Number of protein chains: 2
Amino acid sequence: MLRSHTCGELRLSDKGKDVHLSGWVQKVRDKGKLIWIDLRDRYGITQLIFEEENTPQEVFEKAKECGREFVVTVKGEVIERLSKNDTIDTGDIEVVVRSIEILNESEVPPFTIEDNTDGGDDLRMKYRYLDIRRSPIKDKLFLRHKLLKTTRDFFNDAGFIEVETPVLIKSTPEGARDFIVPSRMNKGEFYALPQSPQTFKQLLMVSGLDKYYQLVKCFRDEDLRSDRQPEFTQIDCEMSFIDQSDIILTFGLFIKHLFNEILNVDIGEIPIMNYDDAINLYGSDKPDLRFDMKFRNVSDIMKGKGFNVFDDAESVLAICAPECSTYSRKDIDLLTDFVRKPQIGSKGLVYVKLNEDGSIKSSIDKFYSVEDLKKLSSQCNAKKGDLILILAGEKSQNLNAMSELRLLMGKKLELIDNNIFKPVWIIDFPLFIWDNETKRYHSVHHPFTSPVLDDLKTLKNEPEKVKANAYDLVINGVEIGGGSIRIHDRDLQEQIFKILGFSNKEANNQFGFLLDAFRYGTPPHGGIAFGFDRICSLFAGEESIKDFIAFPKNTSGKDVMIDSPSEISKDHLDELGIKLSD
Amino acid sequence: MLRSHTCGELRLSDKGKDVHLSGWVQKVRDKGKLIWIDLRDRYGITQLIFEEENTPQEVFEKAKECGREFVVTVKGEVIERLSKNDTIDTGDIEVVVRSIEILNESEVPPFTIEDNTDGGDDLRMKYRYLDIRRSPIKDKLFLRHKLLKTTRDFFNDAGFIEVETPVLIKSTPEGARDFIVPSRMNKGEFYALPQSPQTFKQLLMVSGLDKYYQLVKCFRDEDLRSDRQPEFTQIDCEMSFIDQSDIILTFGLFIKHLFNEILNVDIGEIPIMNYDDAINLYGSDKPDLRFDMKFRNVSDIMKGKGFNVFDDAESVLAICAPECSTYSRKDIDLLTDFVRKPQIGSKGLVYVKLNEDGSIKSSIDKFYSVEDLKKLSSQCNAKKGDLILILAGEKSQNLNAMSELRLLMGKKLELIDNNIFKPVWIIDFPLFIWDNETKRYHSVHHPFTSPVLDDLKTLKNEPEKVKANAYDLVINGVEIGGGSIRIHDRDLQEQIFKILGFSNKEANNQFGFLLDAFRYGTPPHGGIAFGFDRICSLFAGEESIKDFIAFPKNTSGKDVMIDSPSEISKDHLDELGIKLSD
């Protein structure tokens, strides 16, 4: 071992000890007759001292040669520092170096290895191995490690069995696009990489394993955004002989446990909200509950007063922005520009100011009496000094637009505290969604989700009215997990496939093994999957998942460090029985 | 929850309790007015009892309907059994059923769900989810789970950080064949699935993470045998600022810990053996040390006595088979046939019997005096009653043939105890091996393995003489892990690439990122990887790894359960910019 201690370990109590340290040169201060080197490793920084008078000449000269990021190993004695540094754990001591060996030199790194680096994103990605030397990135990888461990400990202690499901599986056209892998031994055929181990974990329940979990890499060949990577890690779980309330209990405890262990935070009881309520009150099935500002449906009050924009709208919604009655024309114009952006698509924004002096000023004064506007403000729970913002339009567009406006106002008014965590279970999702483009129903979750028993009667004639036994766990507006109670009955599963537009042949071709399994005693079962990368970023209070992944890909799916993907030799392609299209 | 207890939980102390159980019908014994059902789940079996007299009629009739593998949920009272069954944990009690619900029916399974099944290998693979219901398979998956957990606990406690390295990486033509994945966003380019995270874990050391581990899926597109799967799990580890002795210490402790925790076995100190000794004494770098029977080089004694077969042979080796002097002509013939098999390739077998009466009989009496044969038997440490077996030939063929003969004799003589574990570290491997076919040197381990410092002088002129800082851990003749101290110097790494026949361009194209990393302060580092599937089978005393994998593939790389690999639509291939060869 090239060390007796790490660079984060020595304390005043080690004074007088002969020690052996190895690490990287963080900084050299050369004062002529006196040199200090900050020696860094994963565990911390220790100050080395070289006095020309008392140091062998060749050691002193070697110390002078050292540059940033050189790797050195030194031996010496621990002494008490004259001027202590209480910002680091080893700040009470320094090491008088007796011998030094340069294990490896370093060129000047392409960016500074400091908490605040001068390196841009592209450069940091190309030299990711240097980026990880920086504490902000290193700490994120250690947070991830701790979350991995705490997660596994929880499920191991709770009697779950960890099973590794295969990575080379079968492609299914349903859902997102699969990555595929040509088979050399079965030319013309392909494996697919799993988007999730969904069918395998269900089969494990058919096997009687009862409680399963796995931290597993999943893959989706989709166009990428900042919070999406082509490969990502999932906490995948499944249980038998349970219902929805058992899932919500078990996995609620899991999340509470993570917050307790990692952040020492008690998130309290996790509330449960219907999908319909989430949509009607927050315009989203991922509501950020760190602040209130619920939507009010104000159609009753605002329609029929001759204001065409509202009269013709399917939906008229209001929110109350507290203490914003002093907003200027310019402030309002900025909000109006925001809701008019094409991706939001509102035609305009109506405001009603409840001035401190009791007067009311709005952009629609000529259509509404003071009486009307007082009714409105009472409906919105608005007080003097508040500002009511109203949007109108087609229902789903308007809900979405109001959701965006609400989040913007939450940020503007600093109502969103990054240090608190507001989880909520969303339940009672619809089972299907009608897709106007493909003219057929799609699963809101996936085809294995069971319908709510009471809704079975409408399954045939009004599938869109059927609710699903599905649930998402949302924290601070981010969906961190979701799942469902699965279908365990072959007939029902076949019925669902039919509604989704599968022919019998297609259903059997893709999922025959699961339908077969349902012949041999499948227990009631259900489960959940959590996005592990998102949990990591949530716990660190960050939005992007990229820095929580040791070697991420960019938005073109490239790893610029190793320069992948790359070309493959014709010989290799020939062996696989494929060639590039012309 | 559809149960208050599991089927393995109830004891006499639960007598009188109202309980709720769910599980599979293992067996029904219908005695007319009395029905017993064995109810099974992951945790055990509980006996249910239905007495016509005291049971509601519809419950009794439902019980009659139940067949094997039906899924049922029952409520009832725990009573003491009249005739106890001490072969199961719940054997003191049974449950008088008050209500029963059939949750799912089952067709007659394609094979019996019993420890000894009537199902053949192919059928069991097709219905793997039923096979896992059988205890012998289920127990193997739970052993794997326990090994996963114990492994992670060890490395977490030892301060290793778990880092997930990417699955979509870059193809390298060196070594075994990669599985490749076409990139849609970068048409004409491909990712590769990792054969191991080798370069990534080295980069993590460049990053300063110091101690890394991961349980990671790796992939090799090779032709398959019973102990090889296209995807397999590796315990992957790397450390910085260490030398070979640190690795041998740390990972020796790890293996000892596994044996202690899982099997409650102390494997003692792990001996260290040179590669040359392993080859010369056992003809293999994976010696099975559960029995002795070392090779003796008997050239000195046996050559120059006019026996051409020996005189012309590069190598003459003997082993002593204890208490086998009574072997018949037929016994000897069988051994001779064995060594003459084409894959072994010896020309013949010479024997020398040391009879109990002190006389010596051999197949080469006319060439050797009694004096000669006594010298031979003393060289072989042979006693009265023993049999000396001699093989001659070209050196490496002869070593290999003798190794096979030794293992055969070990089995024949029942010297191999499956309940003991004999680990050994093999060190001082050669760095390169000359390949006559490609007319160039290949790495014995991989191109990143460092040479022994003292041998650097011969690197240029006699590369075949250079030893590697590499080590394998072998237990009972199976290599369960291997690794090396890596090169951390750019110049040396480039020199090695050159000896391996890489042009500068090729080296930079494939490993430029690693060579680049070596510019910025790479610490001395090294590591090891263990074959996790093999560890599982070793701990269960089995040879095949297949049953320790939940959903394995067959030797054609097929998953016959899900019918994968399979065809992909032309649309999907078009999107990827590839097509099938004509």
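Keep in mind the model is a prediction, meaning the values are calculated, not measured.

### Notes on the pairing of strand 18 (residues 432-435) of chain B
Residues and elements named next belong to chain B.
Thought 1: Here strand 18 pairs with strand 19 (residues 440-443) via four bridges, running antiparallel. Opposite Trp434, over in strand 19, you have Tyr441 as the bridge partner.
Thought 2: The turn joining strand 18 and strand 19, which pair antiparallel and follow one another in sequence, is formed by four residues; a positive phi near 55° is taken by Lys439.

### Here's the deal with the interface of chain B and chain A
Thought 1: Of the residues lining the interface, 123 residues belong to chain B; the matching set on chain A comes to 123 residues.
Thought 2: Buried area between chain B and chain A, summed over both chains or domains, comes out near 11,100 Å², and the portion from carbon and sulfur atoms is 58%.
Thought 3: Counting the surface chain B buries against chain A, the share from its top three residues, Glu164, Phe241 and Tyr520 of chain B, is 8%.
Thought 4: Along the contact surface separating chain B from chain A lie 16 salt bridges.

### Notes on the environment of Ile499 of chain B
Residue and element names in this part refer to chain B.
Thought 1: Mapped onto the secondary structure, Ile499 falls in helix 13 (residues 490-499).
Thought 2: A C-alpha to C-alpha distance of 36 Å links Ile499 and Thr555, two positions 56 residues apart in sequence.
Thought 3: In contact with Ile499, not counting residues within four places along its chain, are Phe432, Tyr441, Leu459 and Pro463.

### Regarding the pairing of strand 13 (residues 315-321) of chain B
Residues and elements named next belong to chain B.
Thought 1: Counting buried residues in strand 13 gives seven out of seven residues, a clear majority hidden from the surface.
Thought 2: Burial along strand 13 is two-sided: Ser315, Leu317, Ile319 and Ala321 facing one way and Val316, Ala318 and Cys320 facing the other are all buried.
Thought 3: In terms of strand pairing, strand 12 (residues 296-297) meets strand 13 through two bridges, oriented antiparallel. Looking at strand 13, one finds that Asn297 is bridged to Leu317.

### Some words on the relation of the copies chain B and chain A
Thought 1: For the pair chain B and chain A, the superposition axis carries a translation of 0.0 Å, the fit reaches an RMSD of 0.2 Å, and the rotation angle comes to 180°. Each copy turns onto its partner about a two-fold axis. For chain B, the smallest separation between a C-alpha atom and the rotation axis is recorded for Val181 of chain B, amounting to 2.5 Å.
Thought 2: Most of the interface of chain B is mirrored in chain A, where 100% of its interface residues are also at the interface.

### Side note on the sheet that holds strand 5 (residues 93-104) of chain B
Residue and element names in this part refer to chain B.
Thought 1: Read around the closed barrel, the five strands follow the order 1-2-3-5-4; overall the barrel is mixed. In this sheet, adjacent strand axes meet at a mean angle of 55° when their direction is disregarded.
Thought 2: Sheet topology note: the strand 1 (residues 18-30)/strand 2 (residues 34-41) ladder contains six bridges and is antiparallel. When the bridges of strand 2 are listed, Asp30 appears paired with Ile35.
Thought 3: Relative to the sheet, helix 1 (residues 57-65) contacts strand 1, strand 2, strand 3 (44-51) and strand 5, its axis offset from that of strand 5 by approximately 75°.

### A look at the packing of helix 13 of chain B against helix 14 (residues 504-517) of chain B
Residue and element names in this part refer to chain B.
Thought 1: Between helix 13 and helix 14, the least distance of the axes is 11 Å, while the angle of their chain directions is 160°. Relative to helix 14, helix 13 is oriented roughly antiparallel. In terms of crossing hand, the pair formed by helix 13 and helix 14 is right-handed. Contacts from Arg490, Gln493, Glu494 and Phe497 in helix 13 reach Ala507, Phe511, Leu515 and Asp516 in helix 14.
Thought 2: Class assignment for the residues of the contact of helix 13 with helix 14 results in four nonpolar, one polar and three charged.

### Details of empty space enclosed by the protein
Thought 1: Enumeration according to the criterion identifies eleven cavities of 30 Å³ or more in this entry.
Thought 2: There is about 400 Å³ of room inside the largest cavity.
Thought 3: Considering the residues around the largest cavity, the lining is formed by 28 residues, among which Leu215 and Lys217 of chain A together with Leu215, Val216 and Lys217 of chain B are closest to the centre.
Thought 4: Within the residue set of the lining of the largest cavity, elements represented by two or more residues are helix 4 (135-157) and strand 9 (211-219) of chain A together with helix 4 (135-157) and strand 9 (211-219) of chain B.

### Things to note about the domain arrangement of chain A
Thought 1: Split by domain assignment, chain A resolves into domain 1 (12-104), domain 2 (138-165 + 194-275 + 417-551) and domain 3 (291-412).
Thought 2: With centres defined by C-alpha atoms, the gap from domain 2 of chain A to domain 3 of chain A works out at 37 Å.

### Things to note about the sheet that holds strand 11 (residues 272-274) of chain A
In a beta sheet, neighbouring strands pair by backbone hydrogen bonds and run either parallel or antiparallel.
Residue and element names in this part refer to chain A.
Thought 1: Read from one edge of the open sheet, eight strands run 6-9-10-22-21-20-17-11, paired in mixed fashion. Where the open sheet ends on each side, the last strands, each with one partner, are strand 6 (161-162) and strand 11.
Thought 2: With nine bridges joining them, strand 9 and strand 10 (residues 231-240) adopt antiparallel strand pairing. Along strand 10, the bridge assignment pairs Cys218 with Phe232.

The rules we used
Residues numbered from 1 in each chain as written. Chains lettered and ligands numbered in written order. Predicted model: local features only at pLDDT ≥ 70, side-chain atom pairs only at ≥ 80, totals over all residues. Heavy atoms only, no water. Pairing = 2+ DSSP bridges. Helix = DSSP H or I, 4+ residues; strand = E, 2+ residues; numbered from the N terminus. Contact = heavy atoms within 4.5 Å. Buried area = accessible area lost by both parts, 1.4 Å probe. Salt bridge = Lys/Arg side-chain N within 4 Å of Asp/Glu carboxyl O. Buried < 20%, exposed > 50% of the residue type's maximum accessible area, 1.4 Å probe, protein only. Least-squares fit on C-alpha atoms with pLDDT ≥ 70 in both. Axes fitted to C-alpha atoms, helices over the stretch in contact; angles between N-to-C directions. Parallel < 35°, antiparallel > 145°, perpendicular 65-115°, else oblique. Left-handed = near helix turned anticlockwise from the far one by under 90°. Nonpolar A, V, L, I, M, F, W, Y, C, P; charged D, E, K, R; others polar. 1 Å grid on protein atoms, 1.4 Å probe; cavity = no way out; pocket = protein on both sides within 12 Å on 5 of 7 lines; lining within 4 Å. Points joined across faces, edges and corners; volume = space filled by probe spheres on them. Domains from an automatic or database assignment.

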